[in-house]
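Each chain is listed here by its residues.
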Amino acid sequence: AQRVTQPEKLLSVFKGAPVELKCNYSYSGSPELFWYVQYSRQRLQLLLRHISRESIKGFTADLNKGETSFHLKKPFAQEEDSAMYYCALTRANTGNQFYFGTGTSLTVIP
Amino acid sequence: DVKVTQSSRYLVKRTGEKVFLECVQDMDHENMFWYRQDPGLGLRLIYFSYDVKMKEKGDIPEGYSVSREKKERFSLILESASTNQTSMYLCASSSPGQGKYEQYFGPGTRLTVT
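Residues numbered from 1 in each chain as written. Chains lettered and ligands numbered in written order. Predicted model: local features only at pLDDT ≥ 70, side-chain atom pairs only at ≥ 80, totals over all residues. Heavy atoms only, no water.

> Give me the sheet that holds strand E3 (residues 19-25) of chain B: which residues, what numbers.
Adjacent strands of a sheet form backbone hydrogen bonds with each other and so pair up, either parallel or antiparallel. Residue and element names in this part refer to chain B. Spatial strand order, E1-E3-E8-E7: 4 strands in an open sheet with antiparallel pairing. This sheet does not close on itself; its edge strands, each paired only once, are strand E1 (4-6) and strand E7 (64-70). Neighbour-to-neighbour, the strand axes of the sheet open up by a mean angle of 20°, direction not taken into account. (Pairing = 2+ DSSP bridges. Helix = DSSP H or I, 4+ residues; strand = E, 2+ residues; numbered from the N terminus. Axes fitted to C-alpha atoms, helices over the stretch in contact; angles between N-to-C directions.)

> Explain the side chain of Ser65 of chain B residue by residue, including any values.
Residues and elements named next belong to chain B. In this structure, Ser65 sits in strand E7. Only 3.0 Å separates the side chain of Ser65 from the side chain of Glu79, close enough to count as a polar contact. For Ser65, the residues in contact, after removing those within four places along its chain, are Tyr47, Ser75, Leu76, Ile77 and Glu79. (Polar contact = N/O pair within 3.5 Å; in protein donor to acceptor, adjacent residues only side chain to side chain. Contact = heavy atoms within 4.5 Å.)

> Can you explain the layout of surface pockets? Please cite residues and give values.
Empty space among the atoms becomes apparent when a probe as large as a water molecule is rolled across them. Estimated volume of the largest pocket: approximately 510 Å³. Along the wall of the largest pocket there are 23 residues; nearest its centre are Gln38 and Gln42 of chain A together with Gln37, Met88 and Arg110 of chain B. Elements supplying a minimum of two residues to the lining of the largest pocket: strand E9 (83-91) of chain A together with strand E4 (31-38) of chain B. Broken down by class, the residue content of the lining of the largest pocket amounts to 7 nonpolar, 10 polar and 6 charged. (1 Å grid on protein atoms, 1.4 Å probe; cavity = no way out; pocket = protein on both sides within 12 Å on 5 of 7 lines; lining within 4 Å. Points joined across faces, edges and corners; volume = space filled by probe spheres on them. Nonpolar A, V, L, I, M, F, W, Y, C, P; charged D, E, K, R; others polar.)

> Explain the state of the cysteines to me, and be specific about the residues and the numbers.
Scanning the entire structure with this criterion turns up 2 disulfides over all chains. There is a disulfide in this structure between Cys23 of chain A and Cys87 of chain A, and the S-S distance comes to 2.0 Å. Residues Cys23 of chain A and Cys87 of chain A are joined by a disulfide whose S-S torsion is about -65°; by sign, that bridge is left-handed. A residue pair is termed long-range when its members are at least 10 positions apart, and Cys23 of chain A in the loop between strand E3 (19-21) and strand E4 (24-26) and Cys87 of chain A in strand E9 qualify at 64 residues. Across this residue pair, the class does not change: Cys23 of chain A and Cys87 of chain A are buried. What pairs with Cys23 of chain B in a disulfide is Cys91 of chain B, and their sulfur atoms sit 1.9 Å apart. (Disulfide = S-S within 2.5 Å. Buried < 20%, exposed > 50% of the residue type's maximum accessible area, 1.4 Å probe, protein only.)

> Quick rundown of the environment of Ala92 of chain B? Include the residues and the values.
All names here are of chain B. Within the fold, Ala92 resides in strand E9 (residues 87-95). Looking at Ala92, the relative accessible area reads 0%, which means it is buried. In the structure, Ala92 is positioned 62 residues away from Glu30 in sequence and 11 Å away in space, judged by C-alpha atoms.

> Help me get a handle on the pattern of salt bridges, residues and values and all.
All names here are of chain A. Under the definition given, this model contains 12 salt bridges over all chains. A salt bridge links Lys15 to Glu79, with the nearest nitrogen and oxygen atoms 3.9 Å apart. Here Lys15 is found in the loop between strand E2 (10-14) and E3, whereas its partner Glu79 is found in the loop between strand E8 (72-74) and E9, with 64 residues between them in sequence. Of the charged contacts in the structure, one is a salt bridge between Glu32 and Arg49, with a shortest N-O distance of 2.6 Å. Pair noted here: Glu32 is in strand E5 (residues 31-38) and Arg49 is in strand E6 (residues 45-49), with a separation of 17 residues, a long-range link. The network of salt bridges with common partners includes Glu20, Lys22 and Lys73. (Salt bridge = Lys/Arg side-chain N within 4 Å of Asp/Glu carboxyl O.)

Below, the structure written as structure tokens:
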């Protein structure tokens, strides 16, 4: 069965510290991975997708097919990074079915 | 910018009522989705639609139905609302035909069933 696992429900880090939000997946085909973010009182929005290989707001995520992971990283956390983060997966070239993790609530302590 | 709008931000209904949640997108997206979002459970897919009048069940379709009569509009229907359907409901759309698999979300409807 397709599944996305985010092992941490809550994560707190101090401002300026590195942050890593973990995401592991199980999928039988060729996946496309995403990170979505939801700031307080805002709608869920795309943060980044693995095929873009880009850095958004200082965040990066590398797809590790051997470990089936897609961890989100930022070297220096900022207060405005406090939000709920969801890892998501879809089958490449279709987008017809999406699987979301249960989310990690990140709090950056000033 | 893709705009996905939902008919209500907050809704309070009584047990047994029929409830309609409406979602409209303005970017000609083929796919539309309905999720419910609950703390600790993340987003769970209720139904999705990949074309007008086409629908597929998601992970938790029980107690829900959907309607897609026009490409831009996707409705979620609770035939007889129950208290365990109290939740945040999110609508999303995407356009695989344009190579855009990522989903664009609406602001959500917080439904309370009393």
